[in-house]
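Structure at a glance
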Amino acid sequence: MFKDVSSGVNLPRLEESIIEFWRERDIFKKSVVKASPQGDYIFYEGPPTANGKPGIHHVIARCYKDLFPRFKTMQGYRVGRKGGWDTHGLPVEIEIEKKLGLSGKQDIERYGIAEFNKLAKESVFSNIQDWNWMTER
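Below is a short write-up of the structure. (Residues numbered from 1 in each chain as written. Predicted model: local features only at pLDDT ≥ 70, side-chain atom pairs only at ≥ 80, totals over all residues. Heavy atoms only, no water.)

**Here's the deal with the overall build of the chain**
The condition that has to hold: Under the DSSP-based scheme used, a helix requires at least four consecutive residues in state H or I and a strand at least two consecutive residues in state E, with every element numbered from the N terminus. Remark: exposure states derive from per-residue accessible area (1.4 Å probe, protein chains only) relative to the maximum for the residue type, with buried under 20%, exposed over 50%, and partly exposed in between. Residue contacts follow a heavy-atom distance rule, with two residues in contact if any of their heavy atoms lie within 4.5 Å. Values of accessible area rely on a 1.4 Å probe in the Shrake-Rupley scheme; residue burial ignores everything except the protein chains shown. Under the convention used here, Asp and Glu are negative, Lys and Arg are positive, and both His and the chain ends fall outside the count. Think of each charge as sitting on NZ of Lys, CZ of Arg, CG of Asp or CD of Glu.
Looking only at helices and strands, one finds seven helices and two strands in the chain. Along the chain, helices (α) and strands (β) appear in the sequence α-α-β-α-β-α-α-α-α when read from the amino end. When the backbone C-alpha atoms are referred to their principal axes, the chain occupies close to 65 × 45 × 25 Å. Taken over 137 residues, the chain has a buried fraction of 21%. Relative to all contacts within the chain whose residues are 6 or more apart in sequence, the contacts with residues 24 or more apart total 73%. Total accessible area computed for the chain in this model is approximately 10,400 Å², and 58% of it derives from carbon and sulfur atoms. On the chain, the mean spot of the 22 positive side-chain charges and the mean spot of the 19 negative ones are 6 Å from each other.

**As for the pattern of salt bridges**
Heads up, the condition is: The working definition used for a salt bridge is a side-chain nitrogen of Lys or Arg within 4 Å of a carboxyl oxygen of Asp or Glu.
Within this structure, the stated rule accounts for 14 salt bridges. The shortest N-O distance in the salt bridge between Lys105 and Glu109 comes to 4.0 Å. Within this pair, Lys105 and its partner Glu109 are both found in helix α5 (residues 105–111), separated by four residues, close to a single helical turn. A relative accessible area of 42% places Glu109 in the partly exposed class.

**Examining helix α1 (residues 11–25)**
For the record, the criterion: Expected span of a helix: the number of residues minus one, times 1.5 Å. Whenever two N or O atoms come within 3.5 Å, that pair is a polar contact, provided that in protein one can donate a hydrogen and the other can accept it, and provided that, for residues adjacent in sequence, both atoms are side-chain atoms.
Taking 1.5 Å of rise per residue, 15 residues should cover 21 Å, and α1 covers 21 Å from first to last C-alpha, within 8% of that figure. One side-chain oxygen of the residue at the start of α1 lies 3.1 Å from the amide nitrogen of Arg13, identifying that residue as Asn10. Among the residues trailing α1, Asp26 stands out with phi positive, at a value near 55°.

**Digging into unusual backbone geometry**
Non-glycine residue Asp26 carries a positive phi angle of around 55°. Topologically, Asp26 is positioned in the loop between α1 and α2 (27–33). Assessed through its relative accessible area of 39%, Asp26 is described here as partly exposed.

**Notes on the side chain of Glu97**
Structurally, the position occupied by Glu97 is in helix α4 (residues 90–100). Lacking a salt bridge, the buried Glu97 has Lys98 as its closest oppositely charged neighbour, with an N-O distance of 9.5 Å. The residues contacting Glu97, other than those within four sequence positions of it, are Leu102, Ser103, Gly104, Ile108 and Phe116.

**Section: a nonpolar patch on the surface**
The line we're drawing: Excluding any residue in a salt bridge, patches collect residues exceeding 30% relative accessible area, merging like charges within 9 Å and nonpolar Val, Leu, Ile, Met, Phe, Trp and Tyr side chains within 5 Å.
On the surface, a nonpolar cluster with roughly 730 Å² of combined accessible area is contributed by Val5, Val9, Leu11, Leu14, Ile18, Phe21, Trp22 and Phe28. Tallying contributions element by element places α1 first for the nonpolar patch, with five residues.

**Focus: the environment of Pro47**
Of note, Pro47 is situated in the loop between β1 (39–40) and α3 (56–74). When sequence neighbours within four positions are dropped, the list of residues in contact with Pro47 reads Gly84, Trp85 and Asp86.

**Section: the packing of α4 against helix α6 (residues 113–125)**
Basically, it comes down to this: Throughout, an axis means a line fitted to C-alpha atoms (over the contacting stretch in the case of helices), and angles, computed between N-to-C directions, take values from 0 to 180 degrees. Should an angle lie under 35 degrees it is considered roughly parallel, over 145 roughly antiparallel, and from 65 to 115 roughly perpendicular; all remaining angles are considered oblique. Three residue categories are used. Nonpolar comprises Ala, Val, Leu, Ile, Met, Phe, Trp, Tyr, Cys and Pro, charged comprises Asp, Glu, Lys and Arg, and polar comprises the others, including Gly.
For the pair α4 and α6, the least separation of the axes is 10 Å and the interaxial angle reads 110°. With respect to each other, α4 and α6 are oriented roughly perpendicular. Taken together, the residues of α6 that come into contact with α4 (itself represented by Val92, Glu93, Glu95, Ile96, Glu97 and Leu100) are Phe116, Leu119, Ala120, Ser123 and Val124. Here the contact of α4 with α6 is composed, by residue class, of seven nonpolar, one polar and three charged.

**Regarding the environment of Glu16**
Looking at the secondary structure, you find Glu16 in helix α1. Separated by 66 residues in the primary sequence, Glu16 and Lys82 have C-alpha atoms spaced 24 Å apart. Of note is the side chain of Glu16, whose polar atom sits 3.1 Å from the side chain of Arg13.

What is shown is where atoms sit, not what they do.
Structure, rendered in structure tokens:
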């Protein structure tokens, strides 16, 4: 009944070939713009705070946030996707405070709010490539 799977299968390479197949044929875009006899299905996703590289908990969350829109698409709905990034807030602030050895509002003000904000923005955008890659996968 079951067929043995070769132990020589290179799963990372298989994944890469599937991603390339989707890219070459623009499959994801086609799934979003296809006919939608059921109308629109709205899915709100809070943007991740990209203050570090994605961890396994982010992968799990992204799987769920991908599963439902794909399922609704297969049911005939149009599910628009609009991603974004939370580039501010406490997680980013704490990371930069640690990096600079600061502790609290007064230290940040002495350091300079504009420079602190610049470092926070740079920090977030230094991780975006990893997040985009994880999202595509």
